[in-house]
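Close look at the chain arrangement
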Amino acid sequence: MIDLHPTARISPLSDIEDSVRGTRIVVGEASVIDSFVKIKPAGGFGDLEIGRFCYINSGCVFYTGNGISIADNVLIAANCTFAPVNHAFKDKDRSIREQGFEPSRGGIVVEEDVWIGANSVILDGAILRKGCVIAAGSIVRGEVEAYAICGGNPLRRLGERS
C-alpha cells in the first residue's frame, strides 16, 4: 500500500513499487521525493515511513526489508542507499540466492533533524539519533549519537553540532 500525503511532492521520474506482500510505503506532509529515487519492497515485510518536511534527493534507493522509519525534517543527499536486510551466505553447498535472508537487526531508524550526506549507505540495525550528521560516502551499521557528526568506513565520530 502506498500512502502519499496530499502535500507531498513526488517526482514523476521516481520509481515507487507497490508491495505484493503488504508492505506499507508512507510519505508525510510536504516531503519531497526527487527524480530517480527507487523504492522497492524487497527482502522482508517491513514498512517505509517518511515523516513530514523530509527531502529525498535524486538517485537514492530504499529497500524496505526489515523496515525503515524516517522522522520529520530529515535531509537525504543524492545517491544514498538504505538496505535494512542481510543476505544469508554461510552455506557453501547452496547458492547465495537460495539461502534467503538473515534475521532482522531491527531495520533502520532515522530520528528527526538528521542530515545524511551523498553516497552514504545505511544498513540494517542503524539508528541515527536526533540531529546527527552523516558525512558523504559513509557506511552506517550501528547507532549514531544525537547531534554527533560522523563519517567514513568504518564510521567514526568527527565532531558534534553545537
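Note that the structure is predicted; figures quoted are calculated from it, not measured. (Residues numbered from 1 in each chain as written. Predicted model: local features only at pLDDT ≥ 70, side-chain atom pairs only at ≥ 80, totals over all residues. Heavy atoms only, no water.)

Focus: the overall build of the protein
The secondary structure content of the protein amounts to zero helices and 21 strands. Computed over C-alpha atoms, the radius of gyration of the protein comes to 15 Å, within 12% of the 15 Å expected from 2.2 N^0.38 for 162 residues, which places it in the range of a compact globule. When its C-alpha atoms are laid out on the principal axes, the protein stretches across 50 × 40 × 20 Å. Counting only residues that meet the buried cut, the protein has 41% of its 162 residues in that class. In the protein, the share of contacts with a sequence separation of at least 24, taken over all contacts with a separation of at least 6, comes to 22%. Summing over all exposed atoms, the protein offers an accessible surface of approximately 8400 Å²; the carbon and sulfur share of this is 52%. Taken together, the 17 basic and 20 acidic charged side chains of the protein have centroids lying 5 Å from each other. (Helix = DSSP H or I, 4+ residues; strand = E, 2+ residues; numbered from the N terminus. Rg over C-alpha atoms; globule rule 2.2 N^0.38 Å. Buried < 20%, exposed > 50% of the residue type's maximum accessible area, 1.4 Å probe, protein only. Contact = heavy atoms within 4.5 Å. Areas by Shrake-Rupley, 256 points an atom, 1.4 Å probe, with all protein chains shown as cover. Lys, Arg positive; Asp, Glu negative; His and termini not counted. Charge placed at Lys NZ, Arg CZ, Asp CG, Glu CD.)

A few points about the nonpolar core
Ranked by internal contacts, the top residues of the largest apolar core, which has 31 residues, are Phe62, Ile70, Ile76, Phe82, Ile116 and Leu128. Elements supplying a minimum of two residues to this core: strand E4 (25-27), strand E7 (48-50), strand E10 (68-70), strand E13 (108-110) and strand E20 (148-151). Residues within four places of Ile116 in sequence aside, it is in contact with Leu75, Ile76, Ala77, Cys80, Phe82, Ile122, Leu128 and Ile134. (Core = buried A, V, L, I, M, F, W, Y, C linked by side-chain atoms within 4.5 Å.)

Overview of the pattern of salt bridges
For the structure shown, the criterion picks out 14 salt bridges. A salt bridge links Arg129 to Glu143; its shortest N-O distance comes to 2.8 Å. With Arg129 in the loop between strand E16 (127-128) and strand E17 (133-134) and Glu143 in strand E19 (residues 143-144), this pair connects stretches of sequence that are 14 residues apart. One network of salt bridges, with partners in common, ties together Asp15, Glu17, Lys38 and Lys40. (Salt bridge = Lys/Arg side-chain N within 4 Å of Asp/Glu carboxyl O.)

What about the side chain of Ser120?
By secondary structure assignment, the location of Ser120 is in the loop between strand E14 (115-116) and strand E15 (121-123). Of note is the side chain of Ser120, whose polar atom sits 2.9 Å from the backbone oxygen of Gly117. Once you skip the residues sitting within four places of it in the chain, Ser120 turns out to touch Asn79, Cys80, Thr81, Ile134, Ala135, Ala136, Gly137 and Ser138. (Polar contact = N/O pair within 3.5 Å; in protein donor to acceptor, adjacent residues only side chain to side chain.)

A few points about the pairing of strand E21 (residues 156-160)
Examined bridge by bridge, E20 and E21 share four bridges and lie antiparallel to one another. Pairing of Ala148 across the sheet is with Glu160, part of E21. (Pairing = 2+ DSSP bridges.)

Comments concerning the sheet that holds E21
The strand order across the open sheet formed by eight strands is E2-E5-E8-E11-E14-E17-E20-E21, and the pairing between neighbours is mixed. Because the sheet does not close on itself, it has two edges, and the strands there are strand E2 (9-10) and E21. Pairing analysis gives two bridges linking strand E5 (residues 32-33) to strand E8 (residues 55-56), with the strands arranged parallel. Counted as the bridge partner of Ile33 is Ile56 from E8.

Topic: the packing of aromatic side chains
For the structure shown, the criterion picks out one aromatic pair. Considering the side-chain rings of Phe62 and Phe82, the 4.6 Å spacing of their centres and the 20° angle between planes classify their relative orientation as stacked. Taken as a pair, Phe62 in strand E9 (residues 61-63) and Phe82 in strand E12 (residues 81-83) lie far apart in primary sequence, 20 residues in all. Considered together, Phe62 and Phe82 belong to a single accessibility category, that of buried residues. Looking at Arg21, its charged tip hangs above the ring of Phe45, at a distance of 5.2 Å from the centre. (Phe/Tyr/Trp six-rings, centres within 6.5 Å; stacked < 30°, edge-to-face > 60°. Lys NZ or Arg CZ within 6 Å of the ring centre and 35° of its normal.)

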